[in-house]
Amino acid sequence: MTAWSRRALLQRGAYLGVSLLGMGSQTARAAGLHVGQPAPVAVLQTLDGQTISTAALRGEVVILTFWATWCAPCRAELPVLSRYAADHAAQGLRVLGFCLDGPERLAQVRAVAATLSFPVGLLPSPWMPGYGRIWRIPVSFVIDRDGRLADNGWNDPHPAWTQERLHQVVGPLLV
């Protein structure tokens, strides 16, 4: 085992341990997500070193999408979401992609990210402050122009984005 992969395994183990210790409070915060209420601020550290905060995107419609390179439903929805984001960027749509792959899969993440019209970053832990533990993927959350939660991905029985679902959920927010 190389030093890099050993380090990655230790980091993942540490994140898991911390996650398990804080499970109750994080779960409660995720259960506290309510459509129409202010959305928790999310911060994406992109693969190219930028920091993008949903707080700075007030006035735009924002989709937070959580995915992984090894997730087949994620890989199927990403091109659909990317096309929709590119087609509606002028209307104020922004998508932030949070990848759950570890740093040891950075090359694969970069390869997928290069095909997308939106910024991507690695999620350093399965916990997203305010959104809870990301335990199911794909999962997405939509934030309206006023910073309120417009769609809670935890409540979606079929969470993968389709063209129809994007038009139904996101379309009305773009007018």
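The structure under discussion appears in the preceding block.
Our subject in this report is the structure included herewith. Residue numbers restart at each chain and count upward from 1, following the sequence in its written direction. Totals for whole chains, interfaces and linings use all residues, but because this is a predicted model, local features are given only for residues with pLDDT of at least 70 and pairs of side-chain atoms are given and counted only at 80 or more. Working from all heavy atoms in the structure, the side-chain values ignore hydrogens and water.

**Notes on the side chain of Arg-165**
Now for step 1: A helix here means a DSSP run of H or I that spans at least four residues, while a strand means a run of E at least two residues long, and both kinds are numbered starting from the N terminus. Following the sequence through the fold, Arg-165 ends up in helix H5 (residues 163-169).
Now for step 2: Classification of residues uses two cut-offs on accessible area relative to the type maximum, computed with a 1.4 Å probe and protein chains only: under 20% is buried, over 50% is exposed, and between them is partly exposed. The exposure class of Arg-165 is buried, given its relative accessible area of 11%.
Now for step 3: Every residue pair with non-hydrogen atoms within 4.5 Å of one another is taken to be in contact. Excluding its chain neighbours within four sequence positions, the residues that come into contact with Arg-165 are Asp-151, Asp-156, His-158, Pro-159, Ala-160 and Val-170.

**Description of the environment of Arg-110**
Now for step 1: Its place among the elements puts Arg-110 in helix H4 (residues 106-113).
Now for step 2: A residue is classified by how much of its surface remains accessible, and Arg-110, at 42% relative accessible area, is partly exposed.
Now for step 3: Separated by 41 residues in sequence, Arg-110 and Thr-69 have C-alpha atoms that sit 9.9 Å apart.

**Concerning unusual backbone geometry**
For residues besides glycine, phi is generally negative; the peptide bonds are generally trans as well.
Now for step 1: Cis geometry marks the peptide bond from Ile-137 to Pro-138, where omega comes out at 0 degrees.
Now for step 2: Looking at the secondary structure, you find Pro-138 in the loop between strand S7 (132-133) and strand S8 (139-143).

**Comments concerning the nonpolar core**
Now for step 1: The biggest cluster of nonpolar side chains holds 47 residues, and the ones touching the most others in it are Leu-64, Phe-66 and Val-170.
Now for step 2: When residues of this core are traced back to their parent elements, those giving at least two are strand S3 (61-67), helix H3 (72-88), strand S4 (93-99), H4 and S8.
Now for step 3: In this structure, Phe-66 is in contact with Cys-74, Phe-98, Leu-100, Leu-123, Met-128, Ile-134, Ile-137, Pro-138, Val-139 and Phe-141, ignoring residues within four places of it in sequence. Among buried residues, those of type Ala, Val, Leu, Ile, Met, Phe, Trp, Tyr and Cys that are joined through side-chain atoms within 4.5 Å constitute a nonpolar core.

**Looking at the environment of Arg-58**
Now for step 1: When you line up the elements, Arg-58 lands in the loop between strand S2 (51-53) and S3.
Now for step 2: Between the C-alpha atoms of Arg-58 and Arg-148, which are 90 residues apart in sequence, the distance is 9.6 Å.
Now for step 3: Setting aside chain neighbours within four positions, we find Arg-58 in contact with Arg-145, Asp-146 and Gly-147.
Now for step 4: What qualifies as a polar contact is a pair of N or O atoms within 3.5 Å, subject to a donor-acceptor requirement within protein and to the restriction that residues adjacent in sequence count only when both atoms come from side chains. A distance of 3.4 Å separates the side chain of Arg-58 from the backbone oxygen of Asp-146, its partner in a polar contact.

**A short note on the state of the cysteines**
Now for step 1: Here, a disulfide means two cysteine sulfur atoms that sit within 2.5 Å of each other. Considering all chains together, one arrives at one disulfide under this definition.
Now for step 2: Disulfide partner of Cys-71: Cys-74, at an S-S distance of 2.4 Å. Between Cys-71 and Cys-74, the S-S dihedral sits near 75 degrees, and the bridge is therefore right-handed. Exposure class is identical for Cys-71 and Cys-74. Each is buried.
Now for step 3: In this structure Cys-99 is not part of a disulfide, and its nearest cysteine sulfur, from Cys-74, lies 8.5 Å away.

**Here's the deal with the pattern of salt bridges**
Now for step 1: The working definition used for a salt bridge is a side-chain nitrogen of Lys or Arg within 4 Å of a carboxyl oxygen of Asp or Glu. In total, this model carries six salt bridges according to the counting rule given.
Now for step 2: Across the salt bridge formed by Asp-144 and Arg-148, the nearest N and O atoms sit 3.0 Å from each other.
Now for step 3: By relative accessible area, Arg-148 is classed as partly exposed at 33%.
Now for step 4: In the salt-bridge network here, residues are joined through shared partners; they are Asp-144, Asp-146 and Arg-148.

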